[in-house]
Amino acid sequence: QVQLVESGGGSVQAGGSLRLSCAASGRPFSSYAMGWFRQAAGKERELIASFRWSGGNTYYAESVKGRFTISGNKAWNTVYLQMNSLNLEDTAVYYCAAHRVGETSYGLWGQGTQVTVSS
């Protein structure tokens, strides 16, 4: 009954910014970590940012470090990805995911939202 829904994707010019949101609905759940993934055409899905609700650990892939920022509001069951200085290489479908208590990996996924960067 629980699900994650991404929003905020779309088309943007190179150098621009987008802010993605991930909202949880349904029954409440406990999670160790939240992450953002992306998958470009012809490429494998990759983890680009993640954090633990307990704090102390925030990860960014080298390709987005310094440009993207992951954040969350636990009380509102929302996670965000601020994306700045977008370039053509950022074009992909972006997914949010939850690593819930008792799971060995990310087990709850959103449907994905398309981000297209053009020149």
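Going by the structure above, here's the rest.
Residues numbered from 1 in each chain as written. Predicted model: local features only at pLDDT ≥ 70, side-chain atom pairs only at ≥ 80, totals over all residues. Heavy atoms only, no water.

Draft legend 1. View of the overall build of the chain. When helices and strands are tallied, the chain shows zero helices and 11 strands. Counted from the first residue to the last, the chain has its helices and strands arranged as β-β-β-β-β-β-β-β-β-β-β. Over its C-alpha trace the chain gives a radius of gyration of 14 Å, about what one expects of a compact globule, namely 14 Å for 119 residues. Along the first, second and third principal axes, the C-alpha atoms of the chain reach 45 × 30 × 25 Å. Looking at the 119 residues of the chain, the share that counts as buried comes to 38%. Taking as baseline every contact in the chain between residues at least 6 positions apart, the subset at least 24 positions apart corresponds to 54%. When the accessible area of the chain is evaluated, it comes to approximately 6600 Å², of which 47% is carbon and sulfur surface. Computed over 10 positive and 7 negative side-chain charges, the inter-centroid distance for the chain is 9 Å. (Helix = DSSP H or I, 4+ residues; strand = E, 2+ residues; numbered from the N terminus. Rg over C-alpha atoms; globule rule 2.2 N^0.38 Å. Buried < 20%, exposed > 50% of the residue type's maximum accessible area, 1.4 Å probe, protein only. Contact = heavy atoms within 4.5 Å. Areas by Shrake-Rupley, 256 points an atom, 1.4 Å probe, with all protein chains shown as cover. Lys, Arg positive; Asp, Glu negative; His and termini not counted. Charge placed at Lys NZ, Arg CZ, Asp CG, Glu CD.)

Draft legend 2. Structural detail: the state of the cysteines. For the structure on display, the rule yields one disulfide. Disulfide partner of C22: C96, at an S-S distance of 1.9 Å. Where C22 bonds to C96 through sulfur, the torsion about that S-S bond is close to 55°, and the disulfide is right-handed. Of this pair, C22 sits in strand β3 (residues 18–25) while C96 sits in strand β9 (residues 92–100), and the two are 74 residues apart along the sequence. In this structure C22 comes out as buried when scored by relative accessible area, which is 1%. Residue C96 is classed as buried on the basis of its relative accessible area of 0%. (Disulfide = S-S within 2.5 Å.)

Draft legend 3. Region of the structure containing the sheet that holds strand β8 (residues 78–83). One open sheet accounts for four strands, arranged β1-β3-β8-β7; its pairing is antiparallel. Strands at the two margins of the open sheet, each flanked by one partner only, are β1 (3–7) and β7 (68–73). Each strand axis lies, on average, 15° off the axis of its neighbour in the sheet, ignoring direction. Where β3 and β8 come together, six bridges link them in antiparallel fashion. Within β8, the position partnered with L18 by the bridge is M83. (Pairing = 2+ DSSP bridges. Axes fitted to C-alpha atoms, helices over the stretch in contact; angles between N-to-C directions.)

Draft legend 4. Broad picture of the pairing of β8. With five of six residues buried, β8 lies mostly within the body of the structure. The antiparallel pairing of β7 with β8 creates a hairpin that spans four residues between the two strands, and N77 there sits at a positive phi of about 55°.

Draft legend 5. Molecular detail of the nonpolar core. Counting residues in each nonpolar core, the largest one holds 26 residues, and the members touching the most others are W36, F68, L81, M83 and Y94. Mapped onto this core, the elements with two or more residues apiece are β3, β4 (31–39), β5 (46–52), β7, β8, β9 and β11 (113–118). When residues of this core are assigned to their parent elements, the largest contribution, four residues, is made by β9. Contacts of M83, omitting those with residues within four sequence positions, involve G16, S17, L18, L20, R67, F68, Y94 and V115. Core analysis: the next-biggest nonpolar cluster, separate from the first, contains five residues, F37, Y95, A97 and Y106 among them. (Core = buried A, V, L, I, M, F, W, Y, C linked by side-chain atoms within 4.5 Å.)

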